[in-house]
Amino acid sequence: MIDNETGWLLILVSSLLVNNIVLMRFLALCSFFGVSNEMETSVGMGFAVVFVMVIASVVSWFFYHAFLDPNTVYAAIHVPFLTWDLTFLRTASFIVVIASLVQLEEMFLKKYLPALYKSMGIYLPLITTNCAILGVAFLNIDYNLNLLSTIVYSLGVGFGYMLAIILFAGIRIRVDRAPIPQAFKGYPVAFITASLMSLAFLGFKGLMGL
Amino acid sequence: MTIIASLIFLGAVGLLLGLGLSIAHLKLAVPMDPRQKAVLDALPGVNCGACGMPGCGGYAEAIVNANMPVNKCTVGGQETADALAEIMGVEAGEAVKQRAYVLCQGDKETCPARFEYKGIKTCPAAHLIASGHKACTYGCLGLGSCVEACPFGGVTMGENGLPIIDKELCTACGKCVAACPRGIIRILPADIPVVALCSNRDRGGSIRKLCKLGCTGCSACVKACGEDAIVMENNLPVIDYDKCTACGACVEKCPTGAMTG
């Protein structure tokens, strides 16, 4: 398991390969299957997910430690009336924070980085409800990570998603050229392909002691 | 107590974020031309990319922001061009009706197969195996990837193994062009009088052994043309239809029958 003492390389290997967010934890599946028909859209989606995931993780980390569970911060200052425990609100407040954040990011990109917006801006609304973003925000809290580890971990998860979706798109394009029985065309064969990939990624278990 | 606290907390968070987003929306707003929505509604919405833009949204943006001509939509045709011209307040111009042409005459008799192909019955797959099972490596494989690609049902596979394009149903969207792994299908103006139905870019008489109707690159059509409308490019004739008078001299002089009119 990951904690604050784990080196950044081990964190990256764990989040990218051993516990791949799509193929091992089965999160972010709807965008994974929806966007992977072509290679270009998959690459764009991968970059968008990395971008949103890192920023969303950092912002939710700050939000959690400042407002929901400020014990860690204020305990140091020993101010009793400024400590409370609203950790149970994290689901609702993370969703609100992440959704607003993605909206803000989209507006910001559209205004100040139009080139970047053209390449991946259309995927941003798709990511608002992507469960991987919320999942990573939760995992950061569960593992009690400090800020640096949070950034490294979410980078790793984002790139793990990108790796999975690019590999999957490559396979899916070739599979679609073959004569698939009518009952399996489209999503059924895609699911079978993804599960075979997931089996392959099982091979990473135990890598580097993780 | 916790219930009230959490209600107040979440309410405050929601309110603040909502206010923040509204302010951001005002400050970070990118001014969008109001005509863009009207233009987008007037377009057919097929998102085929025949206009050269990424989908109808891309074309709408190009029309409003980049002054792109309004007659580029081949699916919508003249009707759409006129509607767009009205919204933008410009001249509609001629929407040149285009359609797809299969530049190959190598059916099962004229261009026989080199071997019996038992693999995956799609054109891209067949093309990967030893450059395909037809004698001419540039010719139509006849497995029908273009037929599947057409969203309007405009392409049907003829009995002789060549695709037939329906003049009425074809909207020149370009999906069959993309589906053909050999680039045999091309989009050209709909009313051209002559065209060379061959895609073989090799030169010389060896082509006669592969396909009876193939273009050898002999340039007889170039010499025959009184208007200098034909040039040879990659051993295939390219006709300038602005100069072509439809006299038919090139069709007469063509020794193989590749030039058709």
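Notes on the structure follow. (Residues numbered from 1 in each chain as written. Chains lettered and ligands numbered in written order. Predicted model: local features only at pLDDT ≥ 70, side-chain atom pairs only at ≥ 80, totals over all residues. Heavy atoms only, no water.)

## Observations regarding the overall build of chain B
Consideration 1: Each helix and strand counted, chain B has ten helices and eight strands in total.
Consideration 2: The 261 residues of chain B split such that 40% are buried.
Consideration 3: The contacts of chain B with a sequence gap of at least 6 include a subset with a gap of at least 24, amounting to 55%.
Consideration 4: Accessible surface, chain B as shown: approximately 14,200 Å² in total, 57% of it carbon and sulfur. (Helix = DSSP H or I, 4+ residues; strand = E, 2+ residues; numbered from the N terminus. Buried < 20%, exposed > 50% of the residue type's maximum accessible area, 1.4 Å probe, protein only. Contact = heavy atoms within 4.5 Å. Areas by Shrake-Rupley, 256 points an atom, 1.4 Å probe, with all protein chains shown as cover.)

## A closer look at the layout of surface pockets
Picture a little ball the size of a water molecule; that probe, rolled over the atoms, points out where space is still empty.
Consideration 1: Taken as a whole, the largest pocket encloses approximately 1,100 Å³ of empty space.
Consideration 2: Along the walls of the largest pocket sit 28 residues, with Tyr117, Lys118 and Ile122 of chain A together with Gly58 and Glu61 of chain B positioned nearest its centre.
Consideration 3: Elements supplying a minimum of two residues to the lining of the largest pocket: α3 (39-68) and α6 (114-120) of chain A together with α2 (35-42) and α3 (55-66) of chain B.
Consideration 4: For the lining of the largest pocket, the element with the most residues is α3 of chain B, which contributes six residues.
Consideration 5: In terms of residue class, the lining of the largest pocket is built from 13 nonpolar, eight polar and seven charged.
Consideration 6: In this structure, the second largest pocket occupies an estimated 820 Å³ of space.
Consideration 7: Lining the second largest pocket are 22 residues, with Asp176 and Arg177 of chain A together with Ser145, Glu148 and Ala149 of chain B sitting closest to its centre.
Consideration 8: Of all elements in the fold, only α9 (147-177) of chain A together with α6 (145-149) and α7 (175-179) of chain B reach the threshold of two or more residues within the lining of the second largest pocket. (1 Å grid on protein atoms, 1.4 Å probe; cavity = no way out; pocket = protein on both sides within 12 Å on 5 of 7 lines; lining within 4 Å. Points joined across faces, edges and corners; volume = space filled by probe spheres on them. Nonpolar A, V, L, I, M, F, W, Y, C, P; charged D, E, K, R; others polar.)

## A word on the nonpolar core
Consideration 1: Counting residues in each nonpolar core, the largest one holds 54 residues, and the members touching the most others are Phe32, Met45, Tyr153 and Tyr161 of chain A.
Consideration 2: Those elements that place two or more of their residues in this core are α2 (29-35), α3, α5 (90-112), α7 (124-128), α8 (131-142), α9 and α10 (187-201) of chain A together with α1 (2-27) of chain B.
Consideration 3: Broken down by element, the residue count for this core peaks at nine residues, all from α3 of chain A.
Consideration 4: Contacts of Tyr153 of chain A, omitting those with residues within four sequence positions, involve Ile2, Ile11, Ser15, Arg25, Val136, Leu139, Asn140, Tyr143 and Leu145 of chain A.
Consideration 5: If you look at the next biggest cluster of nonpolar residues, it comprises 15 residues, including Cys51, Ala60, Ile63 and Leu84 of chain B. (Core = buried A, V, L, I, M, F, W, Y, C linked by side-chain atoms within 4.5 Å.)

## A closer look at a nonpolar patch on the surface
Residues and elements named next belong to chain A.
Consideration 1: On the surface, a nonpolar cluster with roughly 470 Å² of combined accessible area is contributed by Phe184, Ile192, Leu196, Leu199 and Leu202.
Consideration 2: With respect to the helices and strands, Leu199 occurs in helix α10.
Consideration 3: For Leu199, a relative accessible area of 55% corresponds to the exposed category. (Patch = residues over 30% accessible without salt bridge, like charges linked within 9 Å, V, L, I, M, F, W, Y side chains within 5 Å. Salt bridge = Lys/Arg side-chain N within 4 Å of Asp/Glu carboxyl O.)

## Section: the interface of chain A and chain B
Consideration 1: Chain A puts 22 residues into the contact, and the matching count from chain B is 18 residues.
Consideration 2: For the pairing of chain A and chain B, the buried interface totals around 1,600 Å² over both sides, and the portion due to carbon and sulfur atoms is 82%.
Consideration 3: Per-residue buried area on chain A facing chain B is highest for Met107, Lys111 and Arg177 of chain A; these three make up 32% of the total on that side.
Consideration 4: One can count zero salt bridges joining chain A with chain B.
Consideration 5: Our enumeration of links across chain A and chain B arrives at one residue pair in polar contact (both at pLDDT 80 or more).
Consideration 6: Elements with a minimum of two residues in the side of chain A that touches chain B: α3 and α5 of chain A.
Consideration 7: With twelve residues, the top contributor of residues to the side of chain A that touches chain B is α5 of chain A. (Buried area = accessible area lost by both parts, 1.4 Å probe. Polar contact = N/O pair within 3.5 Å; in protein donor to acceptor, adjacent residues only side chain to side chain.)

## Structural notes on the pattern of salt bridges
Residues and elements named next belong to chain A.
Consideration 1: Enumeration according to the criterion identifies two salt bridges over all chains in this entry.
Consideration 2: The residue Arg90 makes a salt bridge to Asp142 at a minimum N-O spacing of 3.5 Å. Within this pair, whereas Arg90 is found in helix α5, its partner Asp142 is found in helix α8, the two being separated by 52 residues in sequence.

## Describing the packing of α2 of chain B against α3 of chain B
Residues and elements named next belong to chain B.
Consideration 1: For the pair α2 and α3, interaxial distance at closest approach is 9 Å and the crossing angle is 135°. On the basis of their axis angle, the class for α2 and α3 is oblique. As α2 runs across α3, the sense of the crossing is right-handed. Counted together, Arg35, Gln36, Val39 and Leu40 of α2 and Cys56, Gly57, Ala60, Glu61, Ile63, Val64 and Asn65 of α3 form the full contact between these two elements.
Consideration 2: When grouped by side-chain class, the residues that make up the contact of α2 with α3 number six nonpolar, three polar and two charged. (Axes fitted to C-alpha atoms, helices over the stretch in contact; angles between N-to-C directions. Parallel < 35°, antiparallel > 145°, perpendicular 65-115°, else oblique. Left-handed = near helix turned anticlockwise from the far one by under 90°.)

## Details of unusual backbone geometry
Consideration 1: Here the phi dihedral of Ala28 of chain A falls at roughly 60°; this positive angle occurs in a residue that is not glycine.
Consideration 2: Along the chain, the position of Ala28 of chain A falls in the loop between α1 (8-18) and α2.
Consideration 3: We classify Ala28 of chain A as buried; its relative accessible area is 0%.
Consideration 4: We note that Asn234 of chain B has phi near 55°; this positive angle belongs to a residue other than glycine.
Consideration 5: With relative accessibility at 52%, the residue Asn234 of chain B sits in the exposed group.

## Describing the environment of Cys198 of chain B
Residue and element names in this part refer to chain B.
Consideration 1: With respect to the element layout, Cys198 can be found in the loop between β5 (195-196) and α8 (206-210).
Consideration 2: The exposure class of Cys198 is buried, given its relative accessible area of 9%.
Consideration 3: When residues no more than four places from it in sequence are discounted, the contact partners of Cys198 are Leu103, Cys104, Gly214, Cys215, Leu236 and Ala258.

## Regarding the pairing of strand β7 (residues 236-239) of chain B
All names here are of chain B.
Consideration 1: The pairing of strand β6 (residues 230-233) with β7 spans four bridges and is classified as antiparallel. Looking at β7, one finds that Met232 is bridged to Pro237.
Consideration 2: From the end of β6 to the start of β7, which pair antiparallel, there are two residues, and Asn234 there has a positive phi angle of about 55°. (Pairing = 2+ DSSP bridges.)

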